[in-house]
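Now for the letters of each chain:
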Amino acid sequence: MAQHQFQTEVSQLLHLIIHSLYSNREIFLREIVSNASDALDKLKYLTVADDAYKSLSFDPRIDISFHKKDKEPSTLTIADNGIGMNEADLIDSLGTIARSGTKAFLEKLAEDAKRDSNLIGQFGVGFYSAFMVADKIEVISRKAGEDAAWKWTSDGKSGYDIEAAQRDTQGSTVILHLTEEGAEYANRWSIEDIIKRYSNHVAFPIYLTYDEKEYDDKGKEKGSKTKTDRINSGTALWRRAKSDLKEEDYTEFYKQLGHDTDDPLFYIHTKAEGTLEYSTLFYVPQKAPFDMYNVDYKPGVKLYVKRVFITDDDKELMPTWLRFVRGVIDSEDLPLNVSREILQQNKVLLNIRNASVKKLLSEFKALADNAASGSEEVKKKWETFITQYNRPLKEGLYQDYANRDAILELVRFKSTTQDGWTSLADYASRMKSDQKHIYYITGGTEQTLKASPLLEAYRAKEIEVLIMDDEIDDIIIPSVGKYKDWELKAVNRAGADEELGEKKDKAAEKEIQPVIEKIKKALGDRVKDVKLSRRLHDSPSCIVADENDPTIQMAQMLKAMGQAADMPDIKPILEVNGNHPIVAALKDLADEERIADVAGVLLDQALLVEGVKIKDPADFVKRLNRLLSK
């Protein structure tokens, strides 16, 4: 018998599961049945696609049984005849969690006072949920094509044991030694209820073996008989006609597919016939997947060919910006032995993918249109959708040129004149008759941007400005450039004030030029230039980026992402308000140290207002204190 220690993350996870989780414990059975279904899917594929497995006798099924007697610990057993595991697989699958999301999951559980076990399936650690109801678990498994079987045993504490075992066929048997609280699941009615709610549409038959009491004609118990009944429908739901399905059928299947206890936000069921024949069933979750912004996110769409499972971890099935979508693609035209490499270049799959993206976009657009004039329920659904998925939609603007126009109609922004979200179409409908551009501001939080001095002149002229407070807006929106006939213009760029209609006062410019030169000399290479501003009304200064430079915020983001390690420091352009008393006072000032202090404070406060971290806070404080003392 070989003893092993759990990976650190597994130990932390098990501690939380055993000592902290309490809500909705029954999902453990859904998770184990889902694992069994995946194992059957994998072997079914091999038996039709791999010559080494074609002669294997394979009648896929999942069997559940339980043992419950007085004064004896209850057990619950779930067995399948799927792909199975060898010793190395048991160590890899049950001793480690090779996903970066594990840390996020542990942090979420540690912070969440509710200690919600519903999170388990979403974070891909479903097997361990069994420790909510069991104080000991045994897994006996034999890998298809191999003669040796292995037994994995753990009490969910420090580690686990692995030893040689016996099993007649390939597959896995999970034996749960239930705790007193978990013993409630060792009965026929609980098991049937859980399976019908969470796993009814698992594509393989699930059988329950139980003892049924027998009675004589006087109603007296005369013994019992062991029975085995199938307890799930086991149909490929996505292949059935929509007219045969109810709302609860779709919801039930989604919960099993997506390891979610919430209902989906909405679903899209399509059956295509003609040149290509395929079925798709896509769901949009109520909440964004926890790993949506991880590089190693788990894709949510499964590929089937003629109802044979092919893969569930191919990121080519959906474009990256639609990675939040969950569902199934089932093709009649792909070969069953299609490989991962062939998939990435297969024209049939590419056409299905393109058609699926367009279908999803049309459904998103329909939801948006209905929300504009529909019921409160529809408006709430759209609000939830855009709150959860606005950012990946924006990524689509950058990644998916073919669908950019359609995506551009869906993305939403905040505004200086509107509450809540607004679209580019709505902005355009409110534009002034002589307005040539759609104006926006990027670079910080919504609160910071709405307080920016850069907006003063636009407010004075009642020109709406879109608030783009997502950190990726600085990258995405310039790549878009235009919406219909209007150019998208950033107000935090040099030259954006030229369309404000402010006439240049050449006499005033000439009069303030010596002050500009003083400030420029004092700041030296801290700035790219110093200019008289036409956009400031109340504030003394602001910063803007040169037309050809990234903004300071964008440069900081790129460096944080490791994509601009060699990028030189971006120097802002400082604009000053010639009518402001602080700036005007420099006209007759000759004290160079005091001029340097004023110039430094004008620059640093302009940076701070825009949410930019200043390089030397101590120097800023010293300058400010010297000015205050005078």
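The rules behind these values
Residues numbered from 1 in each chain as written. Predicted model: local features only at pLDDT ≥ 70, side-chain atom pairs only at ≥ 80, totals over all residues. Heavy atoms only, no water. Phe/Tyr/Trp six-rings, centres within 6.5 Å; stacked < 30°, edge-to-face > 60°. Helix = DSSP H or I, 4+ residues; strand = E, 2+ residues; numbered from the N terminus. Buried < 20%, exposed > 50% of the residue type's maximum accessible area, 1.4 Å probe, protein only. Arc of directions from axis to C-beta. Salt bridge = Lys/Arg side-chain N within 4 Å of Asp/Glu carboxyl O.

> Lay out the packing of aromatic side chains with the relevant residues and their values.
The geometry of an aromatic ring pair comes down to the distance between the two centres and the angle between the two planes. Applying the stated rule across the entire model yields 21 aromatic pairs. Ring plane angle 40° and centroid distance 5.0 Å describe the contact between Tyr254 and Tyr283, whose orientation is recorded as tilted. In this pair, Tyr254 is assigned in helix H7 (residues 247-258) and Tyr283 in strand E11 (residues 278-284), connecting sequence segments 29 residues apart. The same class applies to Tyr254 as to Tyr283, namely buried. When the ring of Phe266 is compared with that of Phe364, the centres are 6.1 Å apart and the planes differ by 75°; the resulting orientation is edge-to-face.

> Go over helix H15 (residues 473-480) with me, naming the residues and quoting the values.
Those residues of H15 that sit buried are Asp473, Asp474, Ile476, Ile477 and Val480. Projected onto a plane normal to the axis of H15, the buried residues spread over an arc of 165° and lie on a single side. Downstream of H15 by a residue or two, Gly481 has a phi angle that is positive, lying close to 80°.

> Can you tell me about unusual backbone geometry, naming the residues and giving the values?
Non-glycine residue Arg307 carries a positive phi angle of around 70°. Positioned with a positive phi, Lys484 is a non-glycine residue whose angle comes to about 55°. When you line up the elements, Lys484 lands in the loop between strand E18 (482-483) and strand E19 (486-490).

> How would you sum up the pattern of salt bridges? Please name residues and give values.
Overall, the coordinates contain 37 salt bridges when judged by the stated rule. The partner of Arg323 in a salt bridge is Glu395, and the shortest N-O contact between them spans 2.9 Å. Highlighted residues: Arg323 in the loop between strand E13 (308-311) and strand E14 (326-331) and Glu395 in helix H10 (residues 376-399), separated in sequence by 72 residues. Take Arg323: its relative accessible area is 9%, and that puts it in the buried class. A relative accessible area of 12% places Glu395 in the buried class. One salt bridge in this structure joins Arg391 and Asp470, with 3.6 Å as the shortest N-O distance. Linking Arg391 in helix H10 with Asp470 in the loop between strand E17 (465-468) and H15, this pair joins segments that are 79 residues apart in sequence. Given the relative accessible area of 18%, Asp470 is considered buried.

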